[in-house]
Structure formats: structure tokens, C-alpha cells
Amino acid sequence: MNTKERTQQLTIMAMCVALNLVASKLAGALSLPVFMDALGTVLCSILLGPIQGLITAITFAFIGFALGDPFELYLCHSAIIVAIITGLFFHGHKVSKLSVWWKTLIASIPGSLITAWIISTFFGGFTTSNSSNMLIALMRQIGMSTFQAALLMQIAQDYLDRIVCVLLTFIVIAHLPNNIKGLKMKKNSWSKKPAKSY
């Protein structure tokens, strides 16, 4: 990879970090049932590859923490897992409409398990989402443990969030200029294996 291509990739990664920040703030302001804080990460992973997506996820987590949201750093493992799995599943591979749904589910579940444990163990089942807190409290009232309530909520929310991010990403990629779209078909500089085109 030459200097121009590397600069282009770094620019896209920075834009994806900014997209995470803007999308998450917008989702919070509109009280949407999704977080949208992984939209840029998913876009970066699918467009450039899992390593670039991972770097984007970690960078955003530290920026979110610096801006006053501790959950971004404590729960960044979820974004890291999503970055790696979506990159491996979707970057440079042909994707069928059906496979998008189950591959996204696989990408969501590991992070949901860890997140539910962290939320129930260290935060008492509370998150920055008021709607999630209300539903978790309701499930605890009907006899579920904090972990069970957090896990059920997290799996549902994470899957909805990730599938929205993945679908939006493919829409964005379809409308990208050819010189940017072509990045996903080039050999990943961190991988010895050339990628296949969509």
C-alpha cells in the first residue's frame, strides 16, 4: 500500500470515528431504540477490513470516555468484537440477503453476553438508556435476575442495533464513489490474503 492509499484509509477511519459520535448522539437525542454508536465501526470494518474497524472502535471508545461517557470505554469490547466479526464476514466477500441476518446475529451475541455481565455486575443493571433501564426493571419485577434481564435486553437491543448498522452500511457503500468503493476489493495491507469483491 502506498502513502496515498494509507492516507486515504486513515482519513476514512477518522470519518468513521466521527460518524460513531454523531450517530450515537443523534440516536440518544431522538430516544431511538438503537445505540448507533457502532455505525462508523461497521462501515470501516466492511469497507476496509477488521483491523481498521478494530482501531476505529478503540479510538471512539477513548474519545467517548474523554467526552464524559464511561460506558463507551467499559463496554468497548462489544464494538471490538463486532468490528472483527463483521470485517471477517463481510469485507471483500459476496453477501446474500439471507446471510446478512444470521451473520449479524453471530457478530452480536458474544458482545451481548459480556456486556450483560458487566452491566449486571458493576452497574446494577443500569445503562445510559432510559428505555433499557425501564425494561430491565420491569423484567426484574416479574422474577428475572439482573443478569437474565440485562442479557435478554442486550441481545435484543444489540441485534437490532447491529442489523440497522450493517444494512445502512451497505446502502452507504452502494452510493460511494468508485475510487472509495474500490478499497474493499484491494489487498488488505494487514493481511496476506487478497479480498474478493462483492
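Scroll up for the structure.
Read on for an overview of the structure. None of the values given here were measured: they were computed from a predicted structure.

Topic: helix α2 (residues 39-47)
Here comes step 1: Most of α2 is tucked away, with 9 of its 9 residues classed as buried.
Here comes step 2: Of all the positions in α2, only L39, G40, T41, V42, L43, C44, S45, I46 and L47 are classed as buried.
Here comes step 3: One or two steps after α2, the chain reaches G49, where phi turns positive at roughly 130 degrees.

With respect to helix α6 (residues 97-122)
Here comes step 1: Between its first and last C-alpha atoms α6 spans 38 Å; for 26 residues at 1.5 Å apiece the expected length is 38 Å, and the two agree.
Here comes step 2: The sharpest bend along α6 measures roughly 25 degrees and falls at S108, with the proline P110 sitting one to four residues further on.
Here comes step 3: G124, located one to two residues past α6, shows a positive phi value of around 65 degrees.

Observations regarding unusual backbone geometry
Here comes step 1: Even without glycine at this site, S31 takes up a positive phi of about 55 degrees.
Here comes step 2: Structurally, S31 can be placed in the loop between α1 (3-29) and α2.
Here comes step 3: With phi around 65 degrees, M36 is a residue other than glycine that occupies positive phi space.
Here comes step 4: Relative to the elements of secondary structure, M36 occurs in the loop between α1 and α2.
Here comes step 5: What makes M36 buried here is its relative accessible area of 9%.

Section: the nonpolar core
Here comes step 1: Core analysis: the biggest nonpolar cluster contains 23 residues, and I12, M36, V42, L47 and L48 have the highest contact counts within it.
Here comes step 2: Those elements that provide at least two residues to this core are α1, α2, α5 (76-90) and α8 (146-174).
Here comes step 3: With 6 residues, the top contributor of residues to this core is α2.
Here comes step 4: Among the nonpolar cores identified, the runner-up in size contains 8 residues, and A116, I119, I136 and L151 belong to it.

Concerning the pattern of salt bridges
Here comes step 1: Within this structure, the stated rule accounts for 1 salt bridge.
Here comes step 2: Across the pair R162 and D161 runs a salt bridge whose closest N-O atoms are separated by 2.5 Å.

Here we look at a nonpolar patch on the surface
Here comes step 1: Together, L105, I109, L113, I114 and I155 line one region of the surface with nonpolar side chains, adding up to about 350 Å² of accessible area.
Here comes step 2: Counting residues per element, the nonpolar patch draws most heavily on α6, which supplies 4 residues.
Here comes step 3: Tracing the sequence through the fold places L113 in helix α6.

Here's the deal with the environment of L43
Here comes step 1: Considering the arrangement of structural elements, one finds L43 in helix α2.
Here comes step 2: Sequence separation of L43 and A83 is 40 residues, and the distance between their C-alpha atoms is 9.0 Å.
Here comes step 3: Setting aside residues no more than four positions away along its own chain, L43 makes contact with C16, L19, T169, V172 and I173.

Observations concerning the state of the cysteines
Here comes step 1: Taken as a whole and assessed by the stated rule, the structure comprises 0 disulfides.
Here comes step 2: Residue C16 stays outside any disulfide, its sulfur separated by 4.6 Å from that of C44, the closest cysteine.
Here comes step 3: With a relative accessible area of 3%, C16 lands in the buried category.

Focus on the packing of aromatic side chains
The relation between two aromatic rings is expressed through the spacing of the ring centres and the mutual angle of the planes.
Here comes step 1: Across all of its chains, the model carries 5 aromatic pairs by this definition.
Here comes step 2: Measuring from centroid to centroid gives 6.2 Å for F89 and W102, while their planes differ by 65 degrees, and the two rings are edge-to-face. Of this pair, F89 sits in helix α5 while W102 sits in helix α6; the two residues are 13 residues apart in sequence, bridging distant segments of the chain.
Here comes step 3: With a relative accessible area of 43%, W102 lands in the partly exposed category.
Here comes step 4: Relative to F170, the ring of F90 has its centre 5.7 Å away and its plane inclined at 85 degrees; by these criteria the two rings are edge-to-face.

Basis of the calculations
Residues numbered from 1 in each chain as written. Predicted model: local features only at pLDDT ≥ 70, side-chain atom pairs only at ≥ 80, totals over all residues. Heavy atoms only, no water. Buried < 20%, exposed > 50% of the residue type's maximum accessible area, 1.4 Å probe, protein only. Helix = DSSP H or I, 4+ residues; strand = E, 2+ residues; numbered from the N terminus. Expected span 1.5 Å × (residues − 1). Bend = angle between axes of the 7 residues up to and from the residue. Core = buried A, V, L, I, M, F, W, Y, C linked by side-chain atoms within 4.5 Å. Salt bridge = Lys/Arg side-chain N within 4 Å of Asp/Glu carboxyl O. Patch = residues over 30% accessible without salt bridge, like charges linked within 9 Å, V, L, I, M, F, W, Y side chains within 5 Å. Areas by Shrake-Rupley, 256 points an atom, 1.4 Å probe, with all protein chains shown as cover. Contact = heavy atoms within 4.5 Å. Disulfide = S-S within 2.5 Å. Phe/Tyr/Trp six-rings, centres within 6.5 Å; stacked < 30°, edge-to-face > 60°.

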